[in-house]
Amino acid sequence: MKRFYISIAAFLALTVLAVLFVPGVDDFVEQTFQRYLGRAAR
């Protein structure tokens, strides 16, 4: 279980760094979350 939380934290950190430093990634991340939340809301 500890490994799961560490992997989630690492993925989150990589996502934040990518959004901050790579142009265009923020739109991709936003679209991905919108799709996921749209499915979850149904």
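These numbers were taken from a predicted model, which means no experiment stands behind them. (Residues numbered from 1 in each chain as written. Predicted model: local features only at pLDDT ≥ 70, side-chain atom pairs only at ≥ 80, totals over all residues. Heavy atoms only, no water.)

A. Focus on the overall build of the chain. Across its full length, the chain carries two helices and zero strands. Principal-axis analysis of the C-alpha atoms gives the chain an extent of 30 × 30 × 5 Å. Expressed as a percentage of the 42 residues in the chain, the buried residues total 5%. (Helix = DSSP H or I, 4+ residues; strand = E, 2+ residues; numbered from the N terminus. Buried < 20%, exposed > 50% of the residue type's maximum accessible area, 1.4 Å probe, protein only.)

B. Spatial organisation of a nonpolar patch on the surface. Side chains of Val16, Leu17, Leu20, Phe21 and Val22 sit close together on the surface and give an oily, nonpolar patch of about 520 Å² of accessible area. Mapped onto the elements, valine 22 comes out in the loop between helix H1 (2-21) and helix H2 (25-41). (Patch = residues over 30% accessible without salt bridge, like charges linked within 9 Å, V, L, I, M, F, W, Y side chains within 5 Å. Areas by Shrake-Rupley, 256 points an atom, 1.4 Å probe, with all protein chains shown as cover. Salt bridge = Lys/Arg side-chain N within 4 Å of Asp/Glu carboxyl O.)

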